[in-house]
Amino acid sequence: MLTPLTAFPAPDYNFGMLPPLAAAAAKAVCAKTPEACPAMVRTHMLSVLSSAVAPLYVMSPPNWTPIPIGVNTLCIADVGGSKSPVHECMIQPLKDHARDSFARYEVARTEASAASAEQKFHIKLLKAEIARCLRKQETAQDLLATLAELHRTTTAAPKHRPRLASNLDLESLLHQLDGEYEAVDFLTDEGDKLLSSSLMRHVSDLVDLIDGKPLEFRREKKKHLYASQPRGTFGLLAQSAAIEPFRPRCKRNEYTEHKAVRLGFFARFLVCVAQPSPMGNRYAPAGDDDEALSNLHETLKELYDLHQDNQEAGGIAPIELAFAPDALGYWDELCRITHNLKFGQLAHIADFVSKMLNLTARLAAVLHVWESQTHYVSISCLQRAWALVYWHATQYELVFVPPPPLPQQEADVAAVIEHLKIFRFETDYKEVPTEPIGLLLGIPSNRLRAALLRMEQRDLIELCGGKTAFINCMKMFSRSRNITWR
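Residues numbered from 1 in each chain as written. Predicted model: local features only at pLDDT ≥ 70, side-chain atom pairs only at ≥ 80, totals over all residues. Heavy atoms only, no water.

(A) Spotlight on the overall build of the protein chain. Looking only at helices and strands, the protein chain has 17 helices and 16 strands in total. Rg of the C-alpha trace for the protein chain: 31 Å, well past the compact-globule value of 23 Å for 486 residues, more than 25% over. Each principal axis of the C-alpha atoms in the protein chain carries an extent, and together these give about 130 × 60 × 50 Å. In the protein chain, buried positions account for 44% of the 486 residues. Counting contacts in the protein chain only where the partners sit at least 6 residues apart, residues at least 24 apart contribute 76% of the total. If you sum the accessible surface of the protein chain, you get close to 26,200 Å²; carbon and sulfur atoms cover 54% of it. (Helix = DSSP H or I, 4+ residues; strand = E, 2+ residues; numbered from the N terminus. Rg over C-alpha atoms; globule rule 2.2 N^0.38 Å. Buried < 20%, exposed > 50% of the residue type's maximum accessible area, 1.4 Å probe, protein only. Contact = heavy atoms within 4.5 Å. Areas by Shrake-Rupley, 256 points an atom, 1.4 Å probe, with all protein chains shown as cover.)

What follows is the structure, given as structure tokens:
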């Protein structure tokens, strides 16, 4: 009889580090999309959580000026990685907000147009009354004062706040952010559209947007656009081909970095490379999956609406957060650790390490806001945020700081060894001709002889007759083994 299938538990992808509401929703998303990498789900979830709270709070680490709490993510997954299903499970509240925002904008624009027409009519009546008084040589001081007051009173033009960015250039981006405390969210499962758009020619402006710095766009015959304390959240899902232009290029054994990498744009992201799951992610559907997603969507909608209400009321300054007293010592320890990492173990990704404290403070604030109503970030949130950011350091290294290529001499040795391993069962180990190896691998004879001499020096092969025409490979494939006789 066939043995029953064994149900293996789903591996832990650190969903426990997320707020309980988000952790339950992340597991539900994994259950609905079995091909999705759970690490990708967790990472993209962080940008969605951040987009809702980033305009409402700022974080003030010790001896720092207040910084935004937005967390930006970049998830790289190839075809079949379930990017779109994962994104659709999380983005619906923001899509609904963009649609409702347009409806509210249309109503406000109609009201503003009616108010403007009424004001113009009152001005016309006042001008006629003033003209009549002047003809009759009567005093018109009160009427002139009223007219001046009407001219000074301008009705605020309604503003469309969709939040969700789509096909923006620099001017349209600044038009959406024009004002104070405005926000925009680049949450998309087609990250290649943004990475190949004209916005990537203005990397310094995007960096300032992430850092919450003022942005300005001067126009010759129109009103200048100025964004004060803008908030921008990036949550990009993209294929590896979209990231390839930004990866370093090796020329003459030296790497040349892309401008976006040199300016620290991608160092401000939590990068995740999705791992394929041929057998699925092993998250089984549960009866409360829909409820978990519904609870997350409802909370996201409330936070999006709160920001829009604040802006329509004239703008409300973000709430300032700080570390709890018991977290200050841990923060000081993180400052010491990052300094040592920057000049030691992770010196090759110093640009990312220099942002790790900033990323940790931002992420800790986001986790705290989704778990508590207090204004003091707990040590638990800080510890979890550091663990997540440190994990993403290796992912950033994998994508944007790959190991340097082997020197030509070592590459030749590696190529010969790989060729011998591939044809190991079709070869006479004791006398292998080397000329076919050089022809098949396209290695010139002088380089092939040099590679064989290096292999001999490393005790991998023996030269037959002291010449490189034939080699003995017994040492490579006949390693001694320890056998225990029972």
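That was the structure; now back to the text.
(B) Representation of the sheet that holds strand β1 (residues 57-59) in the model. Pairing within the open sheet is mixed, and its four strands lie in the order β2-β1-β12-β13. Pairing within the sheet leaves two strands with one partner each, and these edge strands are β2 (67-68) and β13 (376-377). As paired strands, β1 and strand β12 (residues 319-323) are joined by three bridges and run parallel to one another. What sits directly across from Met-59, in β12, is Leu-321. (Pairing = 2+ DSSP bridges.)

(C) Inspection of the sheet that holds strand β16 (residues 470-472) at higher detail. Pairing is antiparallel in the open sheet, where three strands are placed in the order β14-β16-β15. One side of each edge strand has no neighbouring strand; the edge strands of this open sheet are β14 (432-433) and β15 (462-463). Where β14 and β16 come together, two bridges link them in antiparallel fashion. Each residue of the ladder has a partner; that of Val-432, found in β16, is Ile-471.

(D) Molecular detail of the packing of aromatic side chains. Summed over the entire model, instances satisfying the criterion amount to 14 aromatic pairs. Relative to Trp-331, the ring of Phe-323 has its centre 5.0 Å away and its plane inclined at 35°; by these criteria the two rings are tilted. Assessed through its relative accessible area of 1%, Trp-331 is described here as buried. Considering the side-chain rings of Phe-352 and Tyr-396, the 5.1 Å spacing of their centres and the 20° angle between planes classify their relative orientation as stacked. Taken together, the positions of Phe-352 in helix α12 (residues 350-369) and Tyr-396 in helix α13 (residues 379-400) put the pair 44 residues apart, joining distant regions of the chain. A relative accessible area of 0% places Tyr-396 in the buried class. (Phe/Tyr/Trp six-rings, centres within 6.5 Å; stacked < 30°, edge-to-face > 60°.)

(E) Summary view of the pairing of strand β11 (residues 269-273). Counting buried positions over the five residues of β11 gives five, a clear majority of the element. Bridging between strand β3 (residues 72-76) and β11 involves five bridges; their strand directions are parallel. Bridge pairing in β11 links Asn-72 to Phe-269.

(F) The state of the cysteines, seen in detail. A complete count under the given rule lists zero disulfides for this structure. Lacking any disulfide linkage, Cys-75 is separated from the closest cysteine sulfur, that of Cys-272, by 4.9 Å. (Disulfide = S-S within 2.5 Å.)

(G) Spatial organisation of the environment of Glu-333. Tracing the backbone shows Glu-333 in helix α11 (residues 325-342). With relative accessibility at 33%, the residue Glu-333 sits in the partly exposed group. Remark: the alpha-carbon pair of Glu-333 and Phe-269, spanning 64 residues in sequence, is separated by 23 Å.

(H) Fine view of helix α14 (residues 408-422). Here α14 spans 21 Å end to end across 15 residues, near enough to the 21 Å set by a 1.5 Å rise per residue. The complete set of buried residues in α14 reads Asp-412, Val-413, Val-416, Ile-417, His-419 and Leu-420. In a view along the axis of α14, the buried residues occupy a sector of 160°, so they form one face of it. Next to the buried residues of α14 lie β14, α15 (435-441), α16 (445-457), β16 and α17 (474-477). (Expected span 1.5 Å × (residues − 1). Arc of directions from axis to C-beta.)

(I) Broad picture of the packing of helix α3 (residues 83-135) against helix α4 (residues 141-152). In contact at an axis separation of 10 Å, α3 and α4 are set at 155° when each is read in the N-to-C sense. As the angle between them shows, α3 and α4 are arranged roughly antiparallel. The way α3 lies across α4 gives a crossing that is left-handed. Within the contact between the two elements, α3 uses Gln-119, His-122, Ile-123, Leu-126, Lys-127, Glu-129, Ile-130 and Cys-133 and α4 uses Leu-143, Leu-144, Thr-146, Leu-147, Leu-150 and His-151. Among the residues forming the contact of α3 with α4, the class breakdown is eight nonpolar, four polar and two charged. (Axes fitted to C-alpha atoms, helices over the stretch in contact; angles between N-to-C directions. Parallel < 35°, antiparallel > 145°, perpendicular 65-115°, else oblique. Left-handed = near helix turned anticlockwise from the far one by under 90°. Nonpolar A, V, L, I, M, F, W, Y, C, P; charged D, E, K, R; others polar.)

(J) Quick peek at α11. Compared with an ideal rise of 1.5 Å per residue, which puts 18 residues at 26 Å, α11 spans 27 Å between its outermost C-alpha atoms and is within 8% of the ideal. Within α11, burial applies to Ala-327, Trp-331, Leu-334, Thr-338 and Leu-341. Along α11, the residues classed as buried sweep out an arc of 85° about the axis, all on the same side. Those residues of α11 that are buried lie in contact with β12, α12, β13 and α13.

(K) Examining the pairing of strand β8 (residues 231-238) more closely. Burial within β8 is extensive, with eight of its eight residues counted as buried. Of the two faces of β8, both are covered, the one formed by Arg-231, Thr-233, Gly-235 and Leu-237 as well as the one formed by Gly-232, Phe-234, Leu-236 and Ala-238. Pairing between β3 and β8: four bridges, direction parallel. The partner of Thr-73 across the bridge, within β8, is Gly-235.

(L) Representation of the confidence of the model for the protein chain within the structure. When pLDDT is averaged across the protein chain, the result is 87; 95% of the residues are at 70 or more. Every residue in residues 1-9 scores below 50 in pLDDT, and together they form two contacts with partners more than four places removed in sequence or on other chains. (pLDDT = per-residue confidence, 0-100.)

(M) Fine view of the packing of α3 against helix α10 (residues 289-312). α10 packs onto α3 with a crossing angle of 35° between their chain directions and a minimal axis gap of 9 Å. At the point where α3 passes α10, the crossing takes the right-handed sense. Between α3 and α10, the contacting residues are Cys-89, Met-90, Gln-92, Pro-93, Leu-94, His-97, Ser-101 and Arg-104 on the first element and Leu-293, His-297, Leu-300, Lys-301, Tyr-304, Asp-305, Gln-308, Asp-309 and Glu-312 on the second. Residues belonging to the contact of α3 with α10 are distributed by class as follows: seven nonpolar, five polar and five charged.

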